[in-house]
Amino acid sequence: HTSGSLAGDTSPYPDFPGLSSAVRNCVDGSAPGAKLVVEEMGDGFEYLNNLGGTLWNLTDVAYQNGARIHSNSWGGACYDALGNCLPGCTIPYDSFARDADLAMWSHPDLLVVVAAGNGGGLCAAPIAVDTPANAKNVLAVGSVGHGIGASTPSWFTSPGPVHDGRLGATVAAQ
């Protein structure tokens, strides 16, 4: 639904039986006719974890197919192999962050958008912004509460800072 709301375009289908022209015009998306590329990484991110894929591969394929925004709602985390929190853990600039920066450098008109991380309230201590959101050139997005809680990070987001001292997510939304 969200993809259709963004890229939906009624122009190839002008004659919806029974719909007035006013209704037809209301079903265009926010960016009608935009190109949308959907890439599958697997439930356990197999593409990245054990199939040899990289964030660079993902962004390059999307770019070659016409995408100019690459949105990612995943990130590394401060957990051991059993899923236990690693206290005081910060994820350094790694291959995922390097690949995100390489994609932005190689394709100057591409915007790579990533989640700041989802480890905030899952561990006792605040969690640093995770990879690839700790890359230098991405748009890192965090989450904040609703209404009067809009100045408070959501329990699940990684509020920062980044391991190198930067404050955290570039932007945050409710």
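Everything discussed here concerns the structure shown above.
Everything numeric here is computed off the predicted structure, so don't read it as measured data. (Residues numbered from 1 in each chain as written. Predicted model: local features only at pLDDT ≥ 70, side-chain atom pairs only at ≥ 80, totals over all residues. Heavy atoms only, no water.)

**Overview of the pairing of strand E3 (residues 139-143)**
- Relative to E3, strand E2 (residues 111-115) runs parallel, the two sharing three bridges. Across the sheet, Val-114 pairs through a bridge with Ala-140, a residue of E3.
- Strand direction decides the pairing type here: E3 and strand E4 (residues 171-173), joined by three bridges, are parallel. Within E4, the position partnered with Ser-143 by the bridge is Ala-173. (Pairing = 2+ DSSP bridges. Helix = DSSP H or I, 4+ residues; strand = E, 2+ residues; numbered from the N terminus.)

**Remarks on helix H4 (residues 55-64)**
- Every buried residue of H4 is accounted for by Leu-55, Leu-58, Thr-59, Ala-62 and Tyr-63. Within H4, the buried residues cover an arc of 125 degrees as seen down the axis, which keeps them to one side.
- Next to the buried residues of H4 lie helix H3 (46-49), strand E1 (69-72), helix H5 (95-106) and E2.
- Positioned one or two residues after H4, Gly-66 has a phi angle of 105 degrees, which is positive. (Buried < 20%, exposed > 50% of the residue type's maximum accessible area, 1.4 Å probe, protein only. Arc of directions from axis to C-beta. Contact = heavy atoms within 4.5 Å.)

**As for the packing of aromatic side chains**
- Counted by the stated rule, this structure contains zero aromatic pairs.
- Taking NZ or CZ as reference, Arg-68 lies 3.7 Å from the ring centre of Tyr-63, over its face. (Phe/Tyr/Trp six-rings, centres within 6.5 Å; stacked < 30°, edge-to-face > 60°. Lys NZ or Arg CZ within 6 Å of the ring centre and 35° of its normal.)

**Description of the packing of H4 against H5**
- For the pair H4 and H5, interaxial distance at closest approach is 8 Å and the crossing angle is 25 degrees. For the element pair H4 / H5, the angle class is roughly parallel. Where H4 crosses over H5, the handedness of that crossing is right-handed. Contacts between H4 and H5 involve Leu-55, Trp-56 and Thr-59 from the first element and Phe-96, Asp-99, Ala-100, Leu-102, Ala-103 and Ser-106 from the second.
- Among the residues forming the contact of H4 with H5, the class breakdown is six nonpolar, two polar and one charged. (Axes fitted to C-alpha atoms, helices over the stretch in contact; angles between N-to-C directions. Parallel < 35°, antiparallel > 145°, perpendicular 65-115°, else oblique. Left-handed = near helix turned anticlockwise from the far one by under 90°. Nonpolar A, V, L, I, M, F, W, Y, C, P; charged D, E, K, R; others polar.)

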